[in-house]
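# Geometric and topological summary
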Amino acid sequence: MGGAQLLMLENVTRSVLLPDDSELHILTGINLTVTEGDHIAIVGRSGTGKSMLLNILGLLDRPTSGTLNWQGKDATRLSARRAAAARGRDLGFVFQQFNLLPGRTAVENVMAPLMYSSGRDFWQRRRLASEALDRVGLGARLDSMPQTLSGGEQQRVAIARALVRRPRVVLADEPTGALDVGTGRAVMELLDAATVESGAALITITHDANVAALARERFRLEGGCLHPLSQEAVR
Amino acid sequence: MNTLARLGTGFVAALLEAWQELRIHRLRVLLSLIGVTIAVASLSTAVAGAGMAQQLMKEQYERNGRPALISTQVMEPNLQAGPQDSAEIAAAFAKTSERFKIEYTSIIGRSYGPQASLQGLSVETEVQVVDPAYGPMHRIFAQHGRWLEAADAENLSPAVVVDKTLLGALGMDDVSLPMTIDLRSNDSSVSVTVIGSTSTRDNGMIGQLWMLPETYERWFSAGTPLDNVSYTMWVPIEGSEELATHFAWQMQAELPGYYVESYRQDYLAWGTEEGLAQFALVVSGIAGIILLLGSLSLLNVAMVTMKQRIREVGIRRSFGATTSRVFFSVMMESVVATAVAGGLGVLISVAVVSNPRLINSVLATGLDEMPGFPVEAALLGMGVSIAVGALTGVLPALVAARVRIVDAIRI
């Protein structure tokens, strides 16, 4: 792709300790490189560790072993504070269940990440949030409460929220999982267009072949490893 | 500078988040804070009320003399008689007080038994013979009319001041002052002019009447000489004990053959301050228990609520909220809420305590000087409410800070 390297995983493993003190190896050897402008889809059946991988990519979780580089630096050595700062500054999350903050309007939800920024972004948070909502076609619904919005609109608010701090990587975990087919496609096209426009990399975790087909790179997570998938294989 | 700006922004943001959270959950917050509001109102009212009660007790004590009050008595040791009154002793007291540059001095002489009468009503009264300075020295204010002045000695009609008990017993009305009544002692009866009235003294057991020594001398002493005469002085507290000793020595020198005794006679010399302090301590203790119960209820609601907000905390962590920021934000929610509740509690307390009718009905007696709402009670109320917010905010904040992000998002 020719862009700057953002994330690089080499032989990343992740195990969890079971109640009987035995270890369950979920990720056994993940190798992945993410550069600016990438659109990567990762498909896999339930329980294969897709969300766990996304958590590692989003600096929410740490690998058991292997190398995880974030912008050329070893991310496994990042302190919790620096990891949080990196998440706030460079990573955007879109969740399956939207995860909008209850009791807050659309614009307040989009403003929420800007509460953790400093300087101009913090003081101009309302303007920036309004512009972000305008870009996803919700300029007229700024003060709407989440429960008054449709599923597609709620996910668009979540996309605006993920993009408002201009992240370098957007991580989407089953972004269309709670939407019908038509709305899901529209949301994915919007997410793709928005990240292309901003130059951010987009990593989508999905089990929907149609969603995966929109990505420029596709992988299947199986047996704890990523396997490249061709466009035809997805279809 | 950047670090300072970041910290400043973080603080403002945490306050905004806290306020937003309170706005969103206003009903829950309102209900959970009722206890704190009531507790802070009770605490502030108790502290302010203790101040009022102290003022009342102080007024009661000071009616027997404001600190430092030195009493001087002169006796003839050989006769084993009580304190004597004579022109010689009065002159010696005046000379010695002048030497010590004492501004407030008064003779105190009492005469029991004179009958005050008006329009057929006749009651026994206690006559006190005092100088004009006796009023300020014993916290006597004329509620109607005025207190005695030196010039009253020249009045053709003897001027007297009476208390409310005597006023009531004679069926007199405040507004009708000045008024003439008859004062009969032994066989002589004199018409005197009541120029002022004061609040009830000495629990109102017997009506009291004050007049100047010159007045008593001219009209009554021939029939009923004063006995139990003493002299009082109002001096600064510091050094008053030494002053009493030296005063007695000096006056003794002026009165060979007499025994002169001077000593502190105000309530501070008896150590009643401890009683007032204990009273305040008991009231504060009760208010503390009320506050503890209010805090426990607040903590209970905060803990239950936090369990329901784990997912929200996870979402915020995904935005980049650090552990310390989550801790601080959650604690600030509690602090901001209790500060608002505390402010409301203090306002309620001010409204209650500043109502003179209510206070006088509770204390069942009139205050000469209605004290203002004590600033320390307001500060204590606000300080305690903020401290309660911080303390009850710590546990939910710890729960929020210890949330594992991946688990929280998955909930």
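As shown above, the structure is provided for reference.
Below or above, wherever it landed, is the structure these notes cover. (Residues numbered from 1 in each chain as written. Chains lettered and ligands numbered in written order. Predicted model: local features only at pLDDT ≥ 70, side-chain atom pairs only at ≥ 80, totals over all residues. Heavy atoms only, no water.)

Attention shifts here to the sheet that holds strand β3 (residues 39-43) of chain A. Residues and elements named next belong to chain A. If you walk across this open sheet you meet the six strands as β6-β7-β8-β3-β9-β10, and the pairing is mixed. Taken across any chain shown, the strands that pair with only one partner, and hence form the sheet edges, are β6 (91-94) and β10 (225-228). Within the sheet, the average angular offset between the axes of one strand and its neighbour, ignoring direction, is 20°. Of the pairings in the sheet, the one linking β6 to strand β7 (residues 169-173) comprises four bridges and is parallel in character. Considered in β7, the bridge of Gly 92 is made with Val 170. (Pairing = 2+ DSSP bridges. Helix = DSSP H or I, 4+ residues; strand = E, 2+ residues; numbered from the N terminus. Axes fitted to C-alpha atoms, helices over the stretch in contact; angles between N-to-C directions.)

Looking now at the interface of chain B and chain A. In many analyses, interface size is given as the accessible surface area lost on bringing the parts together. Counting residues at the interface gives 26 residues for chain B and 29 residues for chain A. Linking chain B to chain A there are two salt bridges. Summed over the shared surface of chain B and chain A, the result is seven residue pairs in polar contact (both at pLDDT 80 or more). Listed by contribution, the elements that provide at least two residues to the side of chain B that touches chain A are α1 (2-24), α9 (310-319), α10 (323-353) and α13 (405-410) of chain B. For the side of chain B that touches chain A, the element with the most residues is α1(B), which contributes ten residues. (Contact = heavy atoms within 4.5 Å. Salt bridge = Lys/Arg side-chain N within 4 Å of Asp/Glu carboxyl O. Polar contact = N/O pair within 3.5 Å; in protein donor to acceptor, adjacent residues only side chain to side chain.)

Now for the pairing of β10(A). All names here are of chain A. Looking at chain direction, strand β9 (residues 217-222) and β10 are connected through four bridges and run antiparallel. Looking at β10, one finds that Leu 221 is bridged to Leu 226. Counting the residues that bridge the hairpin from β9 to β10 gives two residues, and of these Gly 223 lies at a positive phi of roughly 60°.

Turning to its location among the elements, B:Asn64 is positioned in the loop between α2 (26-62) and β1 (69-75). Spatially, the C-alpha atoms of B:Asn64 and B:His138 are 5.9 Å apart, while their sequence positions differ by 74 residues.

All names here are of chain A. Running from N to C, helix α6 (residues 151-163) and helix α7 (residues 181-198) cross one another at 15°; their axes reach a closest spacing of 10 Å. Between α6 and α7, the crossing angle belongs to the class labelled roughly parallel. The element α6 and its partner α7 pack so that their crossing is right-handed. On α7, the residues that touch Gly 152, Gln 155, Arg 156, Ile 159 and Leu 163 of α6 are Thr 183, Val 187, Leu 190, Leu 191, Ala 194 and Thr 195. Residue composition of the contact of α6 with α7, grouped by class: six nonpolar, four polar and one charged. (Parallel < 35°, antiparallel > 145°, perpendicular 65-115°, else oblique. Left-handed = near helix turned anticlockwise from the far one by under 90°. Nonpolar A, V, L, I, M, F, W, Y, C, P; charged D, E, K, R; others polar.)

Secondary-structure assignment places A:Arg87 in helix α2 (residues 80-90). The buried charged residue A:Arg87 lacks any salt bridge, with A:Asp61 as its nearest oppositely charged partner at 9.7 Å. Sequence-distant contacts of A:Arg87, defined by excluding residues within four places in its chain, comprise A:Gly58, A:Leu59, A:Leu60, A:Phe93, B:Arg317, B:Ser318, B:Phe319, B:Gly320, B:Ala321 and B:Ile405. (Buried < 20%, exposed > 50% of the residue type's maximum accessible area, 1.4 Å probe, protein only. Lys, Arg positive; Asp, Glu negative; His and termini not counted.)

So, on to a nonpolar patch on the surface. Together, B:Leu27, B:Leu30, B:Leu31, B:Ile34 and B:Ile38 make up a nonpolar patch on the protein surface, roughly 520 Å² of accessible area in all. Mapping B:Leu27 onto the fold places it in helix α2. (Patch = residues over 30% accessible without salt bridge, like charges linked within 9 Å, V, L, I, M, F, W, Y side chains within 5 Å. Areas by Shrake-Rupley, 256 points an atom, 1.4 Å probe, with all protein chains shown as cover.)

What follows concerns the packing of aromatic side chains. One pass over the full model with this rule turns up ten aromatic pairs over all chains. The interplanar angle of 20° and the centroid separation of 5.1 Å between the aromatic rings of B:Tyr61 and B:Tyr267 together place this pair among those described as stacked. Note that B:Tyr61 is positioned in helix α2 and B:Tyr267 in the loop between β10 (259-264) and α8 (273-308), a separation of 206 residues in sequence. Using a relative accessible area of 23% as the deciding quantity, one classes B:Tyr61 as partly exposed. Ring geometry for B:Phe100 versus B:Phe247: centroids 5.6 Å apart, planes at 40°, classification tilted. One end of the pair, B:Phe100, is in the loop between α3 (87-99) and β2 (104-118); the other, B:Phe247, is in helix α7 (residues 240-254), with 147 residues separating them in the sequence. Pairwise contacts between aromatic rings join B:Phe93, B:Phe100, B:Tyr231 and B:Phe247 into one cluster. Sitting above the plane of the A:Phe122 ring, A:Arg125 keeps its charged end 4.5 Å from the centroid. (Phe/Tyr/Trp six-rings, centres within 6.5 Å; stacked < 30°, edge-to-face > 60°. Lys NZ or Arg CZ within 6 Å of the ring centre and 35° of its normal.)

Residue and element names in this part refer to chain A. Pairing is antiparallel across the open sheet formed by four strands, whose spatial order is β2-β1-β4-β5. The strands lining the two open edges of the sheet, one partner per strand, are β2 (23-35) and β5 (73-74). Bridge count between strand β1 (residues 5-17) and strand β4 (residues 65-70): five bridges; the pairing is antiparallel. What sits directly across from Thr 13, in β4, is Ser 65. With respect to the sheet, helix α1 (residues 50-57) is in contact with β1, β2 and β4, its orientation differing from that of β1 by roughly 130°.

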